[in-house]
Amino acid sequence: MSEVIVQTKSLTKVYGAGAAQVTALGGVDLSVYAGTFVAVMGPSGCGKSTLLNLLGGLDTPTSGDVVIAGDSLADLSDDKVTELRRRRIGFVFQFFNLIPVLTATENAALPLRLDGDPQASEKAREWLTRVGLGDRLDNRPDQLSGGQQQRVAVARALSTDPALILADEPTGNLDSKSATEIAQLLAQVSTKWGRTVLMVTHDPRIAAFAHRLVLMRDGQIVDDMPLDGSSTAPRAALEKAGLV
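What counts, and at which threshold
Counting restarts for each chain: residues are numbered from 1 in the order of the written sequence. Restriction of local features to residues with pLDDT of at least 70 applies here, the model being predicted, together with a cutoff of 80 or more for giving and counting side-chain atom pairs; totals for whole chains, interfaces and linings are based on all residues. Heavy atoms throughout the structure, all of them, feed into the side-chain values; hydrogens and water do not. The pairing criterion is simple: DSSP has to find at least two bridges between the two strands. Numbered from the N terminus, helices here are DSSP runs of H or I no shorter than four residues, and strands are runs of E no shorter than two. For the exposure calls, accessible area comes from a 1.4 Å probe over protein chains only, and a residue counts as buried if that area is under 20% of its type's maximum, exposed if over 50%, partly exposed in between. The directions considered for the arc are those from the helix axis to the C-beta atoms. Here, residues are in contact when the closest pair of their heavy atoms is within 4.5 Å. In the sections that follow, a salt bridge refers to a side-chain nitrogen of Lys or Arg positioned within 4 Å of a carboxyl oxygen of Asp or Glu. Remark: nonpolar core denotes a set of buried residues (Ala, Val, Leu, Ile, Met, Phe, Trp, Tyr, Cys) joined through side-chain atoms within 4.5 Å. Stacked, tilted and edge-to-face are the three classes assigned to paired rings of Phe, Tyr and Trp, where Trp is represented by its six-membered ring and a pair needs centres within 6.5 Å; plane angles under 30 degrees give stacked, over 60 edge-to-face, the rest tilted. Any Lys NZ or Arg CZ that is within 6 Å of a ring centre and within 35 degrees of that ring's normal is treated as a charge sitting over the ring.

**Student:** Where do I start with the sheet that holds strand β2 (residues 22–33) in this structure?
**Tutor:** Strand pairs in the sheet, formed through backbone hydrogen bonds, run parallel or antiparallel to each other. Sheet architecture is open: 4 strands sit in the order β2-β1-β4-β5, paired in antiparallel fashion. Looking along the sheet, the strands with just one partner apiece sit at the ends: β2 and β5 (71–72). Pairing between strand β4 (residues 63–68) and β5: 2 bridges, direction antiparallel. Within β5, the residue paired with I68 across the bridge is D71.

Quick look at the structure:
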């Protein structure tokens, strides 16, 4: 059995109190193994983004626990959570979150610079070359297409050699062709480079590139199934679960 990279135990997040109380996540149990690519889907407000924020240590649960590569976030100080997030988790966002005045190399090297790595630029250039941007190392974001900017973001996420990549709607701001290329790249991150990828998406076509599909509704996991590469499987699963 592969190593469990991320695990949640009765993970619950409640916002507000009294009549205004909302349970965004209700007792979720999830295990994701090393080198797998998992897509999470469900309607708006189902808890997808809340789950991602809790997994990334960007928010704290009301109850339950998140374990990343053997470390329970509940047992770590705020400083240690920040350190784990910087070193063991890579983030890819819908709107790239690149710094406009920095080059592709400088953007990709940023997490390493923050960690004081003397080889930050070298590692960043290596990852940018791997993701197909070897000829764009010195370009700023405004000199790159949307798809190229997202590749920079993927290189930045990988630069610290993380155990886990969390991708929040990574193709949501891209045209169809670029979206497909980024989905293929995330699949490569998993299959070729052995990283664990957990991606939130609203697009069944993009979810089809994953190995596994997790469906959510009302803060709960309602289905969890393997995918075989069929382009129609995610939509069929959504229809079966009554989510479309």
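**Student:** I would appreciate a short explanation of helix α4 (residues 120–130) in the present structure.
**Tutor:** Spacing of three or four residues puts side chains on the same side of an α-helix, whose turn is 3.6 residues. Three or more residues of α4 are buried, namely A120, S121, A124, W127 and L128. The buried residues of α4 occupy an angular sector of 130° when projected down its axis, which confines them to one face. Its buried side turned inward, α4 meets α3 (104–114) and α5 (146–158).

**Student:** How should I be thinking about the pattern of salt bridges in this particular structure?
**Tutor:** Charged atoms that come close allow side chains of opposite charge to pair. This model, assessed by the stated rule, comprises 12 salt bridges. Among the salt bridges present, the one from K13 reaches D59, with a minimum N-O distance of 3.4 Å. Pair noted here: K13 is in strand β1 (residues 4–15) and D59 is in the loop between α1 (48–55) and β4, with a separation of 46 residues, a long-range link. Between D161 and R195 there is a salt bridge whose closest N-O contact spans 2.6 Å. With a gap of 34 residues between them, D161 in the loop between α5 and β7 (164–168) and R195 in the loop between α6 (176–191) and β8 (196–200) connect regions that are remote in the sequence. Three or more residues joined by partner-sharing salt bridges are found here, namely K80, E83, R86, R87 and D115.

**Student:** What should I look at first to understand the nonpolar core in this one?
**Tutor:** General note: in soluble globular proteins, nonpolar side chains tend to be found buried as a group. Judged by nonpolar contacts, the single largest core of 48 residues is most densely connected at L128, V154, L186, L213 and L215. In terms of residue count, the dominant contributor to this core is α6 (7 residues). When neighbours within four sequence positions are excluded, V154 is seen to be in contact with V92, V131, L185, L186 and V189.

**Student:** Looking at this structure, how should I read the packing of aromatic side chains?
**Tutor:** The description of an aromatic ring pair uses the distance of the two centres, along with the angle that the planes make with each other. Scanning the entire structure with this criterion turns up 2 aromatic pairs. Ring plane angle 5° and centroid distance 5.9 Å describe the contact between F91 and F93, whose orientation is recorded as stacked. Geometrically, the ring pair formed by W127 and W193 is edge-to-face, given 5.2 Å between the ring centres and 85° between the ring planes. Remark: W193 occurs in the loop between α6 and β8 and W127 occurs in helix α4; sequence separation between them is 66 residues. For W127, a relative accessible area of 6% gives the class buried. Residue W193 is classed as buried on the basis of its relative accessible area of 13%. Above the face of the W127 ring, R130 is positioned so that its terminal group lies 4.3 Å from the ring centre.

**Student:** Whenever I open this one, helix α8 (residues 233–240) confuses me. Can you help?
**Tutor:** Listed as buried for α8 are A233, P234, A237 and L238. Relative to the axis of α8, the buried residues are bounded by an arc of 135° and lie together on one face. The elements touched by buried residues of α8 are β3 (37–41), α7 (204–207), β9 (212–217) and β10 (220–226). Positive phi shows up at G242, right after α8, with a value of about 70°.

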